[in-house]
Amino acid sequence: MNALSPAPSRERPSPETVEAVIRELTAQFGNRVVTSQAVREQHASTLTWVANQPPDAVVYAESTEDVQAIVRVCAAHKMPVVAFGTGTSLEGHVNAPYGGISIDMNGMNKVLAVHAEDLDCVVQPGVTRKAVNEHLRDQGLFFPIDPGADASLGGMAATRASGTNAVRYGTMKDNVLSLTAVMPNGDIVRTSPRARKTSAGYDLTRLMVGSEGTFGIITELTLKLAGIPEAISAGVCPFPSIKAACDAVIVTIQSGLPVARIELLDEVQVAACNAYSKLTLPETPLLLVEFHGSDASVREQAERFGEIAAEFEGGPYEWATKPEDRTRLWQARHDVYWAAVGMRPGARVIATDVCVPISRLAECVDETKRDIVATGITAPIAGHVGDGNFHTSPLVMMDDPDEIARVTGFIERLVARAIAMEGTCTGEHGIGQKKMRFMEQEHGPEALNLMRVLKRAIDPDNIMNPGKVVAV
């Protein structure tokens, strides 16, 4: 599992090239160029079992023009470039396997414009989802994509993130109207006007969203917004089995009930959340649900969900009516990674996700649960099950080769199971380094070759986040 996918046809820059690039960048950016080992390691992979592969230097950007200047220096020397947001990605996206320059985007953290009448805003890529929603709150608006971590919007777009609200509001691909990016040659490209739709030419916005920094570096985003709902209700509903909970989700979605969030926790994850977040949730498979709308519509939706849950022996259904109780409940859901860390001191959490058509959800989760038990590993399950996406988080002692092998086999089977059900190896984490080896299995050689053609055409010197998504 630690072995990375086949390397692209490139090598690390020579020490002389590294020295020349750092010298040129320092002349332009002064002390915003940092080469200390600790800072470089912080800008590489830290939340996965892929080895930390630091860049040769980190440069702190403050504008699109800064990014353009950095990329032009790197392009002239064919030096790798890796964009860095908050470092919360889980598949090795920010590693620098061939060295190079990490561009830290945290200084580009402004909300540039809010067009309340059009329900959109323009932001820099370093602003986080919590910060943008704080800025929007007084105008009765919010940005609904919520992956849990307080990720940067640029990173969320680059990895095509989604999260708990995706069942109602979609993913990043549905909520980025336009973007500005610096391309491998230093050109600045704006992908689309601000209009809600266009049929003028290729969809460059969707090409960049989800490209994981392998085509260019996003420096500005126009985002679709939603109105803060008049009424919000959230609740917890336990079930006798994980299959019963998933079957209730399937019927809820198929009945057209406009649920805003519907999240699954298995009994292992619930116990971890209770311990970490100091909750008293029933330690059985359960669903966390939330409804948005008017007082009357929310009440009607909640009652209908209660009826569906009862068909699968779910209940009692408990409501979190106070805003602070809802916030605490959803914060516990967002903290499942850290809750899992506390389950087994000294173990590494290997977060992974798959997504299947909603009709196959119960079958896939149930088979995965049985696989976990048969394999003899600790791997809590949580998921954004309203769109068929769920996560497992195996805990691994990295000094135990047998345990590493068993977890590796489990992940291989999990992905194969999802793909066999016409699903995907990743619903929202992205490919990065860890899942490159599954790309041909999911897409087939012809589609994978087309991706390579695009990569070579846009980035012929393979400087943009090399060693990620596809080998070229």
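Within any chain, residue numbers begin from 1 and follow the written order of that chain's sequence. Local features in a predicted model are, by the rule used here, given only for residues with pLDDT of at least 70; side-chain atom pairs are given and counted only at 80 or more, and totals for whole chains, interfaces and linings are based on all residues. With hydrogens and water set aside, each side-chain value is computed from the structure's full complement of heavy atoms.

**Some thoughts on the UniProt feature "domain: FAD-binding PCMH-type" (unreviewed entry) in the protein chain**
And step 1. Under the present numbering, the feature "domain: FAD-binding PCMH-type" (unreviewed entry) in UniProt falls on residues 51-228.
And step 2. Taken as a whole, residues 51-228 contains 23% helix and 24% strand, while its terminal C-alpha atoms sit 42 Å from one another. UniProt positions are given in the numbering used here, feature names are shortened, and annotations may be inferred rather than shown by experiment. By definition, any uninterrupted DSSP run of H or I lasting at least four residues is a helix, any uninterrupted run of E lasting at least two residues is a strand, and each is numbered from the N terminus.

**Considering the sheet that holds strand β17 (residues 352-355)**
And step 1. We call two strands paired when DSSP finds no fewer than two bridges between them. In spatial order, the strands read β15-β12-β14-β13-β18-β19-β17; together these seven strands make up an open sheet with antiparallel pairing. Both edges of this open sheet fall to β15 (318-320) and β17, since each of them pairs with a single strand only. The average undirected angle you get between the axes of adjacent strands in this sheet is 20°.
And step 2. Pairing analysis gives five bridges linking strand β13 (residues 261-265) to strand β14 (residues 286-293), with the strands arranged antiparallel. Across the sheet, residue Ile-262 finds its bridge partner in β14, namely Val-289. Here, axes are lines fitted to C-alpha atoms. For helices the fit covers the stretch in contact, and angles between N-to-C directions go from 0 to 180 degrees.

**Re the nonpolar core**
In summary, soluble globular proteins display a tendency toward joint burial of nonpolar side chains.
And step 1. Counting 57 residues, the largest nonpolar core has Phe-239, Leu-264, Leu-287, Phe-291, Phe-305, Leu-361 and Phe-390 as its most contacted members.
And step 2. Throughout, a residue-residue contact means that at least one pair of heavy atoms, one from each residue, lies within 4.5 Å. Apart from the residues lying within four places of it in its own chain, the contact partners of Leu-361 are Cys-246, Val-249, Ile-250, Val-356, Val-385, Gly-388 and Phe-390. Nonpolar cores were defined as sets of buried Ala, Val, Leu, Ile, Met, Phe, Trp, Tyr and Cys residues, with membership established by side-chain atoms within 4.5 Å. Residue exposure (1.4 Å probe, protein chains only): buried if accessible area is under 20% of the type maximum, exposed if over 50%, otherwise partly exposed.

**Quick word on the side chain of His-391**
And step 1. Tracing the backbone shows His-391 in strand β19 (residues 389-392).
And step 2. A distance of 3.4 Å separates the side chain of His-391 from the side chain of His-384, its partner in a polar contact.
And step 3. What qualifies as a polar contact is a pair of N or O atoms within 3.5 Å, subject to a donor-acceptor requirement within protein and to the restriction that residues adjacent in sequence count only when both atoms come from side chains. A distance of 2.9 Å separates polar atoms of two side chains, one belonging to His-391 and the other to Glu-428.
And step 4. Among residues more than four places away in sequence, those in contact with His-391 are Arg-333, Thr-352, Asp-353, Pro-380, Ile-381, Ala-382, Gly-383, His-384, Glu-428 and His-429.

**Here's the deal with the pattern of salt bridges**
And step 1. In what follows, salt bridge is the name for a side-chain nitrogen of Lys or Arg lying within 4 Å of a carboxyl oxygen of Asp or Glu. All told, the structure shown has 30 salt bridges when counted by the stated rule.
And step 2. Notably, a salt bridge pairs Arg-417 with Glu-367, separated by 3.5 Å at the nearest N-O pair. With Arg-417 in helix α15 (residues 401-420) and Glu-367 in helix α14 (residues 361-375), this residue pair connects regions lying 50 residues apart in the sequence.
And step 3. On the basis of relative accessibility, which here comes to 28%, the residue Glu-367 falls in the partly exposed class.
And step 4. Here Arg-406 makes a salt bridge to Glu-403, at a shortest N to O gap of 3.9 Å. Of this pair, Arg-406 and Glu-403 are both found in helix α15, three residues apart, which corresponds to roughly one turn of the helix.
And step 5. With a relative accessible area of 25%, Arg-406 lands in the partly exposed category.
And step 6. Residue class for Glu-403 comes out buried when judged on its relative accessible area of 6%.
And step 7. Each of Arg-129, Asp-146, Arg-261 and Glu-290 takes part in one network of salt bridges that share partners.

**Here we look at the environment of Pro-184**
And step 1. For Pro-184, the position within the fold is in the loop between β8 (176-182) and β9 (188-190).
And step 2. With relative accessibility at 8%, the residue Pro-184 sits in the buried group.
And step 3. In the structure, Pro-184 is positioned 185 residues away from Lys-369 in sequence and 44 Å away in space, judged by C-alpha atoms.
And step 4. Beyond its immediate sequence surroundings of up to four residues, Pro-184 is in contact with Val-71, Ala-75, Phe-215, Ile-458, Asp-459, Ile-463 and Met-464.

**Re α14**
And step 1. Taking 1.5 Å per residue, 15 residues should reach 21 Å; α14 reaches 21 Å between its end C-alpha atoms and fits that length.
And step 2. Tucked into the core, α14 has its buried residues touching α9 (242-254), β13, α10 (267-277), β18 (381-384), β19 and α15.
And step 3. Downstream of α14 by a residue or two, Gly-376 has a phi angle that is positive, lying close to 75°. One less than the residue count of a helix, multiplied by 1.5 Å, gives the span that helix is expected to have.

**Brief notes about the packing of α14 against α15**
And step 1. Relative orientation of the contacting elements α14 and α15 amounts to 165°, with a least axis distance of 11 Å. With respect to α15, the element α14 is oriented roughly antiparallel. Pair α14 / α15 crosses with right-handed handedness. On α15, the residues touching Cys-364, Glu-367, Thr-368, Asp-371, Ile-372 and Thr-375 of α14 are Arg-406, Phe-410, Arg-413, Leu-414, Arg-417 and Ala-418.
And step 2. In this classification, the charged set is Asp, Glu, Lys and Arg, the nonpolar set is Ala, Val, Leu, Ile, Met, Phe, Trp, Tyr, Cys and Pro, and all remaining amino acids, among them Gly, are polar. Class assignment of the residues belonging to the contact of α14 with α15 gives a composition of five nonpolar, two polar and five charged. Here roughly perpendicular refers to angles of 65 to 115 degrees, roughly parallel to angles under 35, roughly antiparallel to angles over 145, and oblique to all remaining angles. Left-handed is the label given to a crossing in which the near helix is rotated counterclockwise from the far helix by less than a right angle, and right-handed is the label when the rotation is clockwise.

**Let's talk about a nonpolar patch on the surface**
And step 1. There is a patch of nonpolar side chains on the surface, built from Tyr-276, Trp-338 and Val-341 and spanning about 290 Å² of accessible area.
And step 2. With respect to the helices and strands, Trp-338 occurs in helix α13 (residues 336-341). For patch building, the residue pool is restricted to those with more than 30% relative accessible area and no salt bridge; the joining distance is 9 Å between like charges and 5 Å between nonpolar side chains (Val, Leu, Ile, Met, Phe, Trp, Tyr). The Shrake-Rupley method, run with a 1.4 Å probe, gives the accessible areas here. Residue values count only the displayed protein chains as cover.

**Observations regarding unusual backbone geometry**
And step 1. Cis geometry is adopted by the peptide bond preceding Pro-316, which originates at Gly-315 and carries an omega value of 0°.
And step 2. Assignment of secondary structure puts Pro-316 in the loop between α11 (295-311) and β15.
And step 3. Phi is positive for Lys-278, which is not a glycine, with a value near 55°.
And step 4. Here Lys-278 lies in the loop between α10 and β14.
And step 5. Using a relative accessible area of 65% as the deciding quantity, one classes Lys-278 as exposed.
And step 6. Non-glycine residue Asn-465 carries a positive phi angle of around 45°.

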